[in-house]
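Listed here are the chains, written in short residue letters.
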Amino acid sequence: MAGLTLDTIDILTPDLYVERGYPHEEWALLRREAPVYWYQRDNCDPFWAITKHADIITVSRQPGLFRSTQRLFVAINEPGVPPPEEALLRQLLNMNPPEHGAYRAVVSRRFTPAAVSKLAGHVQEIAAQLIEGIADREQCDFVTDVSAKLPLAVISEMFGIPRSDWEMMFRLSNAMIGATDPEYMRGGTIMEGLQQARMEFFEYFSQLVADRRKNPRDDLATALALGRVNGEEIPPFELLSYFALLIIAGNETTRNATTGGLYALMNNPDQWEKLKRDPSLNRTAAEEIIRWTSPVIQFMRVATADTELRGQKIREGDALALYYPSANRDEEVFEEPFKFDVRRHPNYHLAFGIGEHYCLGANLARLELQMIFREIAARMDCVELAGPISRMRSSFVGGIKHMPIRYKMRPKAA
Ligand code: HEM
């Protein structure tokens, strides 16, 4: 885009993400000219925009110096948005060591590569059912019919939540993470919508906890309900927040990676052909889709002392926003970063973060993407847009809300 300057670029206004998608040109300018940039605008509290791969690693690996706080991400000041001290949840993402590690240990063994690989058959079955579900038509909204259902089905199944309640989980999770998007808002102000969704979540999970304490099973809900931190029962607010985090964190993110992945394949037919011809590319393709789409736009840290980063003086109390999609196009790390390449290997992307808060669900998300794209490559042909896409109004988690597609199906392999 001609005429971009550091003083005038906008990487925060959510409406711009609706209109244009991710501001990759702005981030490229920042990486080139001001990789640690003091972003000061009328519509937000100032913060450092961190756009280089190496700097995000430096910051993320020092959780003592760059702490996570109640304010998870930077946002424009909009009426009704909760002030930072009014945390709606108290969960892993806004905890710090040593408390953070103790809480993470409650469920971490259920998300290791070995534990997740045991779910492969099940995830494959869900993926196959979803694609079979659109097989009797030639058009669908890929988001609502396929990609939104996948992560929700998988995590709800892990929790032991009955199918009849999956739709409600979906609605509440949308309302919490997409709070600034009018489609997901639930009336009233953004804050009221968030509080209402949290209350409904908490009521539901309280009942689930009570049930699992009486009737323990081998599921994630039981692991949390009976979980202990430093030998103590988890306090109610933290416990219910943990449930909400696990439902929400994997939902919008994996959905947007799936939708954005299909969109990327449609726009790069040569890559799609490669994947169809050689299913063994499934792993590298899923990884490239995650890099390419980078559904989490940014998380925030706060400096606990004066320090320096790339020659810039950071003061105690300054906020830093870690721009993961920018790191994932860093010319110093990736060869041809703007090329979507299903064979890319190695692929050191930071879409899941790194260090203390590295995504707990990364292995699960990878598995879900591998399975759904295996199914798509095996069954779907001639996929094209059947109408315009619409994007989420958020500069925190980005993606496509609706994607009408037209396609032809191939018969199921025997
Ligand atoms: C493509 C899909 C996904 C992406 C791009 C993604 C991205 C991220 C990122 C960037 C972070 C924070 C890293 C940081 O602050 O340093 C994170 C944390 C987290 N993610 Fe994911 N995520 C995805 C899927 C999932 C799934 C499926 C789950 C399932 C439960 C999940 C659960 C979590 C949790 C619990 C945390 C907090 C970890 C902590 O603070 O220790 N995520 N994720």
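As a reminder, the structure under discussion sits directly above these lines.
Rules of the game
- Residues numbered from 1 in each chain as written.
- Predicted model: local features only at pLDDT ≥ 70, side-chain atom pairs only at ≥ 80, totals over all residues.
- Core = buried A, V, L, I, M, F, W, Y, C linked by C-beta atoms within 7 Å.
- Buried ≥ 20, exposed ≤ 12 C-beta atoms within 10 Å, placed from the backbone.
- Contact = placed C-beta atoms within 7 Å.
- Near = placed C-beta within 6 Å.
- Helix = DSSP H or I, 4+ residues; strand = E, 2+ residues; numbered from the N terminus.
- Nonpolar A, V, L, I, M, F, W, Y, C, P; charged D, E, K, R; others polar.
- Pairing = 2+ DSSP bridges.
- Axes fitted to C-alpha atoms, helices over the stretch in contact; angles between N-to-C directions.

A word on the nonpolar core. Core analysis: the biggest nonpolar cluster contains 103 residues, and A49, I50, L320 and A321 have the highest contact counts within it. A321 has contacts with F47, A49, I50, F73, V74, Q298 and M300, leaving out every residue within four places of it along the chain.

For the rest of this paragraph, the subject is the site of the ligand. Residues in contact with the ligand amount to 27 residues; listed here are only the nearest, A249, G250, G353, C359 and G361. Sorting the residues of the shell around the ligand by element identifies α8 (149-159), α12 (236-249), α13 (251-267) and α17 (362-379) as the ones contributing at least two each. In terms of residue class, the shell around the ligand is made up of 19 nonpolar, seven polar and one charged.

Omega for the peptide link from P97 to P98 comes to 0°, which places this bond in the cis form. Note that P98 resides in the loop between β3 (66-67) and α4 (99-104). The residue after H345, namely P346, is reached through a cis peptide bond having omega -5°. As for its placement among the helices and strands, P346 is situated in the loop between α16 (324-327) and α17. Not every positive phi belongs to a glycine, and N230 is a case in point at roughly 50°. Following the sequence through the fold, N230 ends up in the loop between β5 (228-229) and β6 (232-233).

The next point concerns the sheet that holds strand β14 (residues 404-409). If you walk across this open sheet you meet the three strands as β4-β14-β11, and the pairing is antiparallel. Of all the strands in the sheet, just β4 (139-141) and β11 (380-385) have a single pairing partner and so form its edges. The sheet shows a mean angle of 30° between the axes of neighbouring strands, direction not considered.

Before going further, it helps to spend a moment on the environment of P97. Residue placement: P97 occurs in the loop between β3 and α4. Among residues more than four places away in sequence, those in contact with P97 are P63 and E356.

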